[in-house]
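Chain by chain, the residues run as shown.
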Amino acid sequence: SDVYKRQVSTQSTGGWANHFTGFLKDMEAYIKAHHRTGLVFSGSGAAKSAAAAAAPAAAAAKTGPPPPPPKGSIAAAGKAAGSASGKPSTAALGGALFAELNQGGKVTSHLKKVTRDMQTHKNKALRAGGMVKAAPEKKVTKHRGIPSGTAKGPVLEGNKWVLEFLVDGGTVEIEPDIKHSIYIYGCVNTTVIVKSKVNQAQIDSSKKVSLVVQNVLATVDVVNSQSTNLQVLGKSPTISVEKCSGANIYLSKDGLATEIITAKSDAVNVAVPAGTDGDFKEAPVAEQFITRVQDDGSLKTEPVDHSD
């Protein structure tokens, strides 16, 4: 302040500047004596300075305490409940709440952790004891590699008898015309009996399917299937087995001239009649082959004989 006093001091303003500088020094001494850290407020918002406290006290002495709230009012009920229960006031509760929130992340440190066994959606025992019971689980049987869909057939479509997606279909009997063919697709654990001569029959993408035919004009094809049984009671020129795992073929005495073609298949067995008592003699179809180069450069392939 002395720097600015010298800049503005003149013959006419010198006295005023000196008085103003003295005022600032007296104010500094007063603040150091009464307000070293600034104005301090109590919880109710009233300043603790003597001058500020004197005014409300004088006003209270003149006017007296405020009248009590009327009976039956909300304020009276709240005051009576607070005094009767001995609970802290709303202001105190609010202050405690904000003090907790100001802790930041520590505010949840005292909470108990919920483990997996306490969670209803992960503990079936808790769901069983509640009012809302979990829906029973539906067991759906799925067969690997076998297509699924809506069961269909046997139904005649044109010249083809179609059986699709029959699961545990039991025994199905068909009596087709000689021009008709049989097509079995996506079936599981089903037996199909054909009671008359057909043009052609095929088992495709099925599992544990048994097919019994009388006579076949063309071929019987078994494709991309598992654990199938095929029995020809009469004759069939050709039987083709491709991409299959486990196929049993039963031939009759009249059908021993049948040609059996296999490709990319394993566990294929052929059973032929033996004797007159209805017994069959079973022999496996070779799965391993050996190829040799001949003198003329050609290849000769033969099944591996493990009996040597």
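These lines cover the structure that appears in this document, whether it is placed above or below. (Residues numbered from 1 in each chain as written. Predicted model: local features only at pLDDT ≥ 70, side-chain atom pairs only at ≥ 80, totals over all residues. Heavy atoms only, no water.)

## Remarks on the overall build of the protein
Defined as follows: The helix and strand labels rest on DSSP assignments: H or I over at least four residues marks a helix, E over at least two residues marks a strand, and numbering proceeds from the N terminus. Exposed residues in this analysis have more than 50% of their type's maximum accessible area, buried residues have under 20%, and partly exposed residues fall in between, with area computed by a 1.4 Å probe over protein chains only. Whether two residues are in contact is decided by their heavy atoms, any of which lying within 4.5 Å being enough. Shrake-Rupley sampling with a 1.4 Å probe provides the accessible areas, and residues are treated as covered by the protein chains on show and by no other component.
A count of helical and extended segments in the protein gives six helices and 16 strands. Taken over 308 residues, the protein has a buried fraction of 23%. Taking the intrachain contacts of the protein between residues at least 6 apart in sequence as the baseline, contacts between residues at least 24 apart amount to 6%. As displayed, the protein offers around 22000 Å² of accessible surface, 56% of which is attributable to carbon and sulfur atoms.

## A short note on the nonpolar core
Where we set the bar: Only buried residues count toward a nonpolar core. Its members are Ala, Val, Leu, Ile, Met, Phe, Trp, Tyr and Cys residues joined through side-chain atoms within 4.5 Å.
Residues Leu163, Ile182, Ile184, Leu211 and Ile239 are the most contacted members of the largest nonpolar core, which totals 29 residues. Looking at which element gives the most residues to this core, the answer is strand E7 (residues 207-213), with three residues. Discounting residues that sit within four places of it in the chain, isoleucine 182 has contacts with Trp161, Leu163, Ile174, Pro176, Val194, Val198, Gln200, Ala201 and Gln202.

## Let's talk about the packing of aromatic side chains
Counted only if it meets this: Between rings of Phe, Tyr and Trp, where Trp is taken as its six-membered ring, a pair exists when centres lie within 6.5 Å; planes separated by under 30 degrees are stacked, by over 60 edge-to-face, and by other angles tilted. Think of it as a cone above the ring: NZ of Lys or CZ of Arg counts as a charge over the ring if it is within 6 Å of the ring centre and within 35 degrees of the ring normal.
The final tally for this structure, using the stated rule, is three aromatic pairs. Judged by centre distance (5.7 Å) and plane angle (75 degrees), the ring pair of phenylalanine 165 and tyrosine 185 falls under edge-to-face. Taken together, the residues phenylalanine 165 in the loop between strand E2 (160-164) and strand E3 (167-174) and tyrosine 185 in strand E4 (residues 181-185) connect sequence positions 20 residues apart. Its relative accessible area of 17% is what places phenylalanine 165 among the buried residues. Aromatic pair tyrosine 183 and tyrosine 185: ring centres 6.1 Å apart, planes at 10 degrees, arrangement stacked. Given a relative accessible area of 18%, tyrosine 183 falls into the buried group. Joined through ring pairs, the aromatic side chains of Phe165, Tyr183 and Tyr185 make up one cluster. Looking at lysine 160, its charged tip hangs above the ring of tyrosine 183, at a distance of 5.1 Å from the centre.

## Points about the sheet that holds E4
Condition: What makes two strands pair is DSSP finding at least two bridges between them. For helices, the fitted line uses only the C-alpha atoms of the stretch in contact; every axis is such a line through C-alpha atoms, and the angle between N-to-C directions lies from 0 to 180 degrees.
Spatially, E1-E2-E4-E6-E8-E10-E12 is the arrangement adopted by the seven strands of the open sheet, whose pairing is mixed. Lying at the two open borders of the sheet, with one neighbouring strand each, are strand E1 (152-157) and strand E12 (259-263). Averaged over all pairs of adjacent strands, the angle between strand axes in this sheet comes to 10 degrees, irrespective of strand direction. Note: E2 against E4, five bridges, orientation parallel. Among the inter-strand pairings, lysine 160 is bridged to a residue of E4, identified as serine 181.

## Things to note about the pattern of salt bridges
Convention followed: Put simply, a salt bridge is a Lys or Arg side-chain nitrogen that is within 4 Å of an Asp or Glu carboxyl oxygen.
In the structure shown here, the tally under the stated rule is four salt bridges. Among the ionic pairs, glutamate 302 bridges to arginine 292, the shortest N-O distance being 3.5 Å. Of this pair, glutamate 302 sits in strand E16 (residues 299-303) while arginine 292 sits in strand E15 (residues 289-293), placing them 10 residues apart in sequence. Judged by relative accessible area, glutamate 302 falls into the partly exposed class, the value being 29%. Given a relative accessible area of 43%, arginine 292 falls into the partly exposed group. A salt bridge links lysine 300 to glutamate 302; its shortest N-O distance comes to 3.4 Å. Among the charged side chains, a network of salt bridges with common partners joins Arg292, Lys300 and Glu302.

## Here we look at unusual backbone geometry
In this model, glycine 153 is joined to proline 154 through a cis peptide bond whose omega is 5 degrees. One can find proline 154 in strand E1. We note that lysine 208 has phi near 55 degrees; this positive angle belongs to a residue other than glycine. Mapped onto the elements, lysine 208 comes out in strand E7. Notably, asparagine 224 is not glycine yet its phi reads approximately 50 degrees, a positive angle. Counting through the fold element by element, asparagine 224 comes out in the loop between strand E8 (219-223) and strand E9 (226-232). Residue asparagine 224 is classed as partly exposed on the basis of its relative accessible area, which comes to 38%.

## A word on a nonpolar patch on the surface
Using the following cut-off: Residues qualify for a patch when their relative accessible area is over 30% and they have no salt bridge, like charges being joined within 9 Å and the nonpolar side chains of Val, Leu, Ile, Met, Phe, Trp and Tyr within 5 Å.
On the surface, a nonpolar cluster with roughly 700 Å² of combined accessible area is contributed by Trp16, Phe20, Phe23, Leu24, Met27, Tyr30 and Ile31. Among the residues examined, phenylalanine 20 registers a relative accessible area of 41% and is labelled partly exposed.

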